[in-house]
Amino acid sequence: MNRIHKLFNTKKDRVLSIYFTAGFPKLEDTLPIMEAIQEGGADIIEIGVPYSDPVADGPTIQESNMVALENGISMKKLFAQLEGFRDKIQLPVVLMGYLNPIMQYGMEAFCKKCQEVGIDGLILPDLPMQQYLDEYKELFEQYGLVNTFLISPQTSESRIREIDEHSNGFIYMVSSHSITGAKAGISEEQIAYFKRVKAMGLQNPRLIGFGISDSETFSKASEYSNGAIIGSAFIKVLKNSKDLKQDIQAYLKEVLH
Amino acid sequence: MIKVDEKGFYGRFGGAYIPEMLHPNVEELRENYESIMASQEFQDEFRGLLKDYVGRPTPLYFASRLSEKYGAKIYLKREDLCHTGAHKVNNTIGQIILAKKLGKKRIIAETGAGQHGVATATVCALMGMECTVYMGEVDIARQHPNVERMKILGATVVPATSGSKTLKDATNEAMRAWINNPVDTHYIIGSVVGPHPYPEMVARFQSVISEEIKWQLKEKEGRENPDIVIACVGGGSNAAGAFYHYYNTPEVRLVAAEAAGLGVSSGKSAATTALGTPGILHGSKTILMQTEDGQVVEPHSISAGLDYPGIGPVHAHLFDVGRGEFVAVEDKDAMAAGIELSKLEGIIPAIESAHALYALNLIEYAKDDVIVINLSGRGDKDLDTYIKWGKY
């Protein structure tokens, strides 16, 4: 069974997913960061695949992408780093990236490689639902990869239902009209949106992302969903860290308390 | 047939590869643009402004001295005489009327050299709408007069400080700004790029160029179809406009002049079809300059308007199926062609358009062929570059 399904079968609330950019802050930090996230008590690891033009991301993640590319990360290098990571990591791991680098690697070769190294799912923000259904759904299923769609406060109810129908892991709820890391805190308007989606009784679990940064926002988001995703705030911890392991664990302890 | 399909594809290029956050906006546009554009009310306002505000129809000018030199009948389509100095305004007039009909209150746009930014700021002033233009920090420094023009017109210019700080990054920033302001804002994309329906919508607004060429040529030559149409291609909006009504007339050759910068193989080039491979950029599948690992490569051209790592999906398709002839023009040759036109015809062209002029030296044609070159913009904005170049 896919690790994402296994996770949500046993854990229904306060699921914490942590995003970081592969090859950042240093090229070889990918695996040590994964280990520290696991030891720190998070539930899902989301690895960002760096891209020169990440349009859905705010300044913090853009910068981490640039630094990682300057460090020399590439799809091949990332897969080399991930070789054998399942000896140490038991958490579900998803790759988050933009289509173009994957297309150049070859979509099928990419999916195959994901399965080989032990990746459980994908989040591809610029892959729209229709293209996924037309071109990639079968491929993802063949290689055991769970695809995750995003929804935002602008997404209509009928489209949310359609997305729910075609999802089989979790739905990524973008918390506001925003790119990643754009806003701090959670507004009344956002809570109304969280409640509205919660009341829809979707079949898939929901994780809330964008603007989640600390214990307070994590707990607030978890009240209306199955948990949350932290990205930009975690990247800031990595950026300023002198001791990755210690700082990651301290940060996660704070978020989860 | 060269025609966009229901999903926004020209052959294998096009589509709408956008984050879900933009889906409602793009879908709203896709569902409404055709019916709005087809309405009499829209057409009256659009045609009226093109005539009285932009100054259309622009002349189709028989360039006798240039013709004599090259041994062909060469006509220049004078888009350089449009208000604001280039063809860009045809599209911004169309999109701002559309935005108003959709009930939008704010306009955002990206710009490279600043021509599209100026054309957008102009129509926003005309319609009394709030305008924010995203422009790469590097371009802001090298296109200072256009930055000030936008500000005089009442626009806010926001520097794009990410990536290479040029047009590609300004486009990223504008897309991000749209994600952050999805409800009341319309994004006026300046070229035939971006997610469907933008490439087709912008091409239709620009198609007035070839619509006019047809009847103007009929008056002058007794025939609607030239033997060859030549236009420069960055993203490709002026070329799409000049080619549009000839896409499916195979006897008309379509020549697209790309910017080869310091030379196609110099590493400092923007010759996308020569150097690029299929990929996804700014929401559509097209041909783009990229590394083996799928990272977008920073292009180079002396002309900021051609300094883009991709091309519109319709042009990728014209290239793919062999309907378009693509030539690559180096900086030095474009500059020489610009100076040559200045001396022969008394017209200082934009350096973008000078690339199209130089294509005369790269293609085969018969004596007395009728050739239309789309003179997409005037050279005022490029005076500094001409002066620095010297050799005139």
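In what follows, the structure referred to is the one given above.
What counts and what doesn't
- Residues numbered from 1 in each chain as written.
- Chains lettered and ligands numbered in written order.
- Predicted model: local features only at pLDDT ≥ 70, side-chain atom pairs only at ≥ 80, totals over all residues.
- Heavy atoms only, no water.
- Contact = heavy atoms within 4.5 Å.
- Buried area = accessible area lost by both parts, 1.4 Å probe.
- Salt bridge = Lys/Arg side-chain N within 4 Å of Asp/Glu carboxyl O.
- Helix = DSSP H or I, 4+ residues; strand = E, 2+ residues; numbered from the N terminus.
- Buried < 20%, exposed > 50% of the residue type's maximum accessible area, 1.4 Å probe, protein only.
- Lys, Arg positive; Asp, Glu negative; His and termini not counted.
- Pairing = 2+ DSSP bridges.
- Right-handed = clockwise from strand over helix to strand, strands pointing away.
- Axes fitted to C-alpha atoms, helices over the stretch in contact; angles between N-to-C directions.
- Expected span 1.5 Å × (residues − 1).

Draft legend 1. How the structure looks around the interface of chain B and chain A. Contacts between the two partners involve 36 residues from chain B and, on the opposite side, 38 residues from chain A. Summed over both sides, the interface between chain B and chain A buries roughly 2,900 Å², with carbon and sulfur atoms accounting for 53% of that surface. Linking chain B with chain A are 5 salt bridges, by the criterion used here. We note a salt bridge from Lys 76 of chain A to Glu 292 of chain B, for which the minimum N-O separation is 3.4 Å.

Draft legend 2. Fine view of the side chain of Asp 331 of chain B. Residues and elements named next belong to chain B. Inspection of the secondary structure assignment puts Asp 331 in helix α14 (residues 331-345). Buried charge without a partner: Asp 331 forms no salt bridge, and the closest opposite charge is Arg 142, 9.5 Å away. The contact partners of Asp 331, leaving out residues within four places of it in the chain, are Gly 261, Leu 262, His 300, Ser 301 and Ile 302.

Draft legend 3. Highlighting the pairing of strand β5 (residues 106-111) of chain B. Residue and element names in this part refer to chain B. Counting buried residues along β5, 6 of its 6 residues qualify, which places the element largely inside the surrounding structure. Here β5 shows two buried faces, one formed by Arg 106, Ile 108 and Glu 110 and the other by Ile 107, Ala 109 and Thr 111. Sheet topology note: the β5/strand β6 (residues 130-136) ladder contains 6 bridges and is parallel. By the bridge assignment, Glu 110 is partnered in β6 with Tyr 134. Viewed along the sheet, the connection from β5 through helix α5 (residues 115-127) into β6 turns out right-handed. In this structure, β5 lies alongside strand β8 (residues 185-188), joined through 4 bridges in parallel fashion. Pairing of Arg 106 across the sheet is with Thr 185, part of β8.

Draft legend 4. Looking closely at the sheet that holds β8 of chain B. Residues and elements named next belong to chain B. Strands sit in the order β7-β6-β5-β8 across an open sheet of 4 strands; the sheet is parallel. The open sheet has two edge strands with one neighbour each: β7 (156-160) and β8. Neighbour to neighbour, the strand axes of the sheet diverge by 25° on average, direction disregarded.

Draft legend 5. Molecular detail of the sheet that holds strand β9 (residues 227-230) of chain A. Within the open sheet, the 9 strands sit side by side as β5-β4-β3-β2-β1-β9-β8-β7-β6 (chain A). Their pairing is parallel. Both edges of this open sheet fall to β5 (146-148) and β6 (150-151) of chain A, since each of them pairs with a single strand only.

Draft legend 6. Layout of helix α4 (residues 88-101) of chain B. Residues and elements named next belong to chain B. Counted at 1.5 Å a residue, the expected span for α4 with its 14 residues is 20 Å, and the 21 Å between its end C-alpha atoms agrees. For α4, the complete set of buried residues consists of Lys 88, Val 89, Asn 90, Asn 91, Thr 92, Ile 93, Gly 94, Gln 95, Ile 96, Ile 97, Leu 98 and Ala 99. Phi turns positive one or two residues past the end of α4, at Gly 103, with a value near 80°.

Geometric descriptors of this kind do not, in isolation, establish any biological role.
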